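Chain by chain, the residues:
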Amino acid sequence: MTFDRLPKARRSAALLGGAAVALALGAASAGAETIRWARVGDALTLDPHAQNEGPTHALNHHIYETLVGRATDGTLTPRLATEWGIHPDDDTIWVFELREGVTFHDGTPFEADDVVFSLERAMAETSDMKGLHGAVESVEAVDEHTVHVQMEGPAPLYVQNLTNTFIMNREWAEEHDVEEPQDFAGGEESYAVRNANGTGPYTVAERDPEVRTVLEYFGDHWAETPEVSEIIYTPIAEDATRVAALLSGEVDIVQDVPVQDIQRLQETDGITVETGPENRVIFFAYDMGSDELQTANVEGNPFADPLVREAMHLALDRDAIRQVVMRGQSLPTGVTMPPFVNGWTEELDEYPQPDYERAQELLAEAGYPDGFEVTLHTPNDRYLNDEAISQAYVGMLDRIGIDVNLVSQTRSLHFPLIQNRETDFYLLGWGVPTFDSQYIFDFLVHSTEGARGGWNGSRYSNPELDQKIEALATETDLEARNEMIAEIWAQVQEDRVFLPVHNQLLAYAMREGISLPVHPENQPSMTDVSFED
Amino acid sequence: MARTDHETAAASTPRPPGRLYRAWDSDLAHAFRTSPVALVAGIVAVVIILAAALAPWIAPHDPFDPGSLVLMDGFTPPMTENEFTGNFYLLGTDDQGRDVFSAILYGARLSLFVGFSAVLFAMVLGVTLGLIAGYRGGWVDSLLMRIADVQLTFPSILIALLIFGVARGFIPPGYREAMAIWVLIVAIGLSDWVQYARVVRGATMVEKSKEYVQAARVIGAHPAKILARHILPNVMGPVLVIGTIGLALAIIAEATLSFLGVGVPPTQPSLGTLIRIGQGFLFSGEWWILLFPALALLALALSVNLLGDWLRDALNPRLR
């Protein structure tokens, strides 16, 4: 229809509409872009030290800042610290020179004391970040912009642990009674759960958990002004709804693209899909340390028997899961460690082919010729097709006689089960922000003691190995340290502490004209978004 | 024809006709036979209910036995052979290699079981409380009806969700899965008793002032006996109507709860769970995983609902 043929009244309406569009475009080109960002689940809390969890960190990185950041290529970048290094006279002290002229969202200037407060807070009992700071003895503000971190011994890699430890303001925390992190697994609520005062590029304008979060650009931020001035973050749990939201233009970026929709989105005009590997491994773990299981129908603990664990490994058909459940969007593995991580080798990565007959023989040998019954807990909104992976494995275990009841729930219910040791058998994904094996050992392998072993739901406890893991933190000779890592992995693999499935491949989908590269830790920053139109 | 048979039978023998025959010859049965909508709805409902009840004998696979599923069979389209395994499936398979046809039969069985049980639960609870409230009157009536009023202000699905959440908190972790289906039944039942209670209360208030009730009271019958023997049979008509419509609503409520992921475990999918699973493959081209369970739910809920509507009209003296 040409313009002339329109009736007069409509013509003026069209003119007005055109003017409005022109105005809107004019405003957009002035650097005030809104990005509407959707993913499968919400951040569990805004408290920066309460949950060491991907989506929680991903949102908090926009509001709070860390001392050092991680570039997409894995290198460290300056953030609140401009320079860092080991003290020239004492190799047990880390020195951080802090950025000057930084203010918190409420206007308070950022000082060394805030770093002392935040690191101490991250080491508190209720902190989920404490496993990263197990080797810290004390933190001291030398002057307004210098911090010394006294380690228990030489800790050459400690700075790698700081990429997700956010810096808070001491006065703000004291004022709102949030000096201790929220006890997430205990179900506690605090002021810091829905409110924040960071130094990050965006402030919280609106926070409605699980529904909508609006972040606005913080005008006094120290870095270059990003193109995105407003972020509207919406969790959409249903796969089809999330994809539909992108197709209909309701959102601009979908972070967790369902594997079954990647191809269709790639073929859709006006949609771009970025793919890449994630630094995250998906695995099953079982309680191998308790005397009795909570949900099994047999006396004792079948998972404590190495034969049962071997049988379970032989029942897992990783290739079938890759082909059908993941549609090729995964890299099956035999080790609970993504290839990004220091310590990874091709030999460790190898995995056995399923052998159901042998598995049944092993079960019979272990004294369970008729198998047993147990409950498997799985999240259904955290990892790519997490519920479907668990369900597929339930079928495979059933074939060797292990009768599994599957409990599938949202991750805010799933994770506390692991942290409170209320599950016998569960699915978990583990990203490695430090890019080093020690992170896996500290959280998942070391006995649950003090700062370490917070996510050791396997209840694996090997004092000899614990000693080696602790020694890793202070070993300065990198070659010797790598040898120790290999030794620890050999033991972990021999004891079959975990049942690794695969490493995830990521896909982000976005409307054409936007560019956002895939972040290996799946923590994209909206400050990296650029607009072509 | 039945009617003429009856006449000749009545003329030749003085013996009253059998119960079955009387039921067949009643006004209700006649109204049913002459209403095409009721006939079709009735046949569809009976076929689905029979197929669901006989699922273990009809279904070619057992979708609730995870060990029998072959993952490589996943996403087989309807009426075709799987490219890896060569297995053939009438209505295709879902993402776990589950036969969609068998899953629908077993799912409908589960949905119907939950639906019937929930309606029965709501009915027993609602009718009992309605009888007591209507017969006793006074503060008992006020209390029960105010509770009912408050509950009516909330959507029933919300109440079911609330009950489901609270109940799960009380059940120890190891028993939650085994109890899930019962919790679901109680949750749906508790969210729906008000309908029965209100209708029965009104009818009871009318009946209790009638002479036969007064007479029973005069000869000293216990109130419980009066309620059960004399009043209850006279208020059951509308209860049956609500029950039939309630069955359709309960099936949909179960589907909604399962669709929201709070119902039965995914390894034992009901129709609602199957639809939830299928919905994830809407865009990727595997339409059969969603379509067939959705059609089955539609047919089941619609036919039961139409039957309920028809029953309401048939029992309504003003429309006769």
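What counts and how
- Residues numbered from 1 in each chain as written.
- Chains lettered and ligands numbered in written order.
- Predicted model: local features only at pLDDT ≥ 70, side-chain atom pairs only at ≥ 80, totals over all residues.
- Domains from an automatic or database assignment.
- Nonpolar A, V, L, I, M, F, W, Y, C, P; charged D, E, K, R; others polar.
- Pairing = 2+ DSSP bridges.
- Helix = DSSP H or I, 4+ residues; strand = E, 2+ residues; numbered from the N terminus.
- Axes fitted to C-alpha atoms, helices over the stretch in contact; angles between N-to-C directions.
- Contact = placed C-beta atoms within 7 Å.
- Buried ≥ 20, exposed ≤ 12 C-beta atoms within 10 Å, placed from the backbone.
- Core = buried A, V, L, I, M, F, W, Y, C linked by C-beta atoms within 7 Å.
- Parallel < 35°, antiparallel > 145°, perpendicular 65-115°, else oblique.
- Left-handed = near helix turned anticlockwise from the far one by under 90°.
- Expected span 1.5 Å × (residues − 1).

How do you make sense of the domain arrangement of chain A when you look at a structure like this?
It is common to give the size of an interface as the accessible area that goes away when the parts come together. Residue and element names in this part refer to chain A. Considered domain by domain, chain A is made up of domain 1 (31-235) and domain 2 (280-505). Placing the centre of domain 1 and that of domain 2 at their C-alpha centroids yields a distance of 30 Å. Among the residues forming the side of domain 1 that touches domain 2, the class breakdown is 9 nonpolar, 11 polar and 6 charged.

Please clarify how the sheet that holds strand β7 (residues 146-151) of chain A should be interpreted in this entry.
Hydrogen bonds between backbone atoms are what pair the strands of a sheet, whose relative direction is either parallel or antiparallel. Residues and elements named next belong to chain A. If you walk across this open sheet you meet the 4 strands as β4-β5-β7-β6, and the pairing is antiparallel. Each edge of the open sheet carries a strand with a single partner, namely β4 (81-86) and β6 (136-143). For this sheet, the mean angle separating the axes of adjacent strands, direction not counted, is 20°. Judged from the 6 bridges that link them, β6 and β7 form a sheet pairing that is antiparallel. Bridge pairing links Ser138 to Gln150 in β7. Of the strands in this sheet, β5 (93-98), β6 and β7 touch helix α3 (residues 112-122), which is tilted by about 170° from β6.

I keep staring at the interface of chain B and chain A and nothing clicks. Help me out?
On the chain A side, the residues contacting the 23 residues of chain B number 29 residues. By residue class, the composition of the side of chain B that touches chain A is 11 nonpolar, 9 polar and 3 charged.

What exactly am I supposed to notice about the pairing of strand β16 (residues 425-431) of chain A here?
All names here are of chain A. Of all 7 residues making up β16, 7 are buried, and the element is well covered by its neighbours. Judged from the 7 bridges that link them, strand β12 (residues 271-286) and β16 form a sheet pairing that is antiparallel. Residue Arg280 lies in a different strand from β16, and its bridge partner there is Gly431.

Looking at this model, I keep getting lost on the environment of A:Pro520. Mind explaining?
Residues and elements named next belong to chain A. Structurally, Pro520 is set in the loop between β18 (514-515) and β19 (530-531). Accessibility expressed as a C-beta count within 10 Å gives 23 for Pro520, which makes it buried. Distance in space between the C-alpha atoms of Pro520 and Leu505 is 9.2 Å, their sequence separation being 15 residues. Those residues in contact with Pro520, other than ones at most four positions away along the chain, are Thr72, Gly276, Pro277, Glu278, Asn279 and Phe340.

Hey, could you run me through the nonpolar core in this one?
Burial of nonpolar side chains together is a common tendency in soluble globular proteins. Counting residues in hydrophobic clusters, the biggest one holds 240 residues, and the most contacted among them are B:Leu184 and B:Tyr196. The dominant element in this core, judged by the number of residues it contributes, is helix α6 (residues 100-136) of chain B, at 21 residues. Split by domain, this core shows at least three residues from each of two domains, domain 1 (31-235) and domain 2 (280-505) of chain A. Sequence-distant contacts of B:Leu184, that is, excluding residues within four places in its chain, are made with B:Val114, B:Phe164, B:Glu254, B:Leu257, B:Gly263 and B:Val264.

How do you make sense of the packing of helix α14 (residues 437-445) of chain A against helix α15 (residues 463-474) of chain A when you look at a structure like this?
Two quantities define a packed helix pair, namely the angle between the helix axes and the distance between the axes. Residue and element names in this part refer to chain A. Put simply, α14 and α15 touch, their axes get as near as 10 Å, and they point 140° apart. Compared by their axis directions, α14 and α15 come out oblique. As α14 packs across α15, the resulting crossing turns out to be left-handed. Residues Gln438, Phe441, Asp442 and Val445 of α14 form the contact with α15, whose participating residues are Leu465, Ile469, Leu472 and Ala473. Residue classes in the contact of α14 with α15 are distributed as 6 nonpolar, 1 polar and 1 charged.

Explain the environment of A:Tyr217 here, please?
Within the element layout of this structure, A:Tyr217 appears in strand β9 (residues 212-217). With sequence-adjacent residues up to four places away left out, A:Tyr217 is seen in contact with A:Pro201, A:Tyr202, A:Ser229 and A:Glu230.

Just checking my understanding: could you explain the packing of α6(B) against helix α12 (residues 223-259) of chain B for this structure?
Residues and elements named next belong to chain B. With their axes 7 Å apart at the nearest point, α6 and α12 run at an angle of 145° to one another. For α6 against α12, the interelement crossing comes out right-handed. Contacts between α6 and α12 involve Ser111, Val114, Gly115, Phe116, Ala118, Val119, Ala122, Met123, Val127, Leu131 and Tyr135 on the former and, on the latter, Pro223, Leu227, Ile231, Leu232, Val239, Gly243, Gly246, Leu247, Ala250, Ile251, Glu254 and Ala255. Taken together, the residues of the contact of α6 with α12 sort by class into 18 nonpolar, 4 polar and 1 charged.

What's the story with α15(A) in this structure? I'm lost.
Since there are 3.6 residues in each turn of an α-helix, residues three or four apart along the chain are aligned in direction. Its 12 residues give α15(A) an end-to-end C-alpha distance of 18 Å, which sits within 8% of 16 Å, the value for a rise of 1.5 Å per residue. Packing partners of the buried residues in α15(A) comprise α14 and α16 (478-494) of chain A.

What is the right way to look at unusual backbone geometry in this model?
Glycine aside, residues mostly have negative phi angles, and peptide bonds mostly take the trans form. Residues and elements named next belong to chain A. The backbone of Asn385 shows a phi angle near 50°, a positive value even though the residue is not glycine. Looking at where Asn385 falls in the secondary structure, it is placed in the loop between β14 (373-379) and α12 (386-399). A positive phi is found at Arg459, a non-glycine position, where the angle reads about 55°. By the secondary structure assignment, Arg459 is in the loop between α14 and α15. Judged by C-beta crowding, with 19 C-beta atoms within 10 Å, Arg459 ranks as partly exposed.

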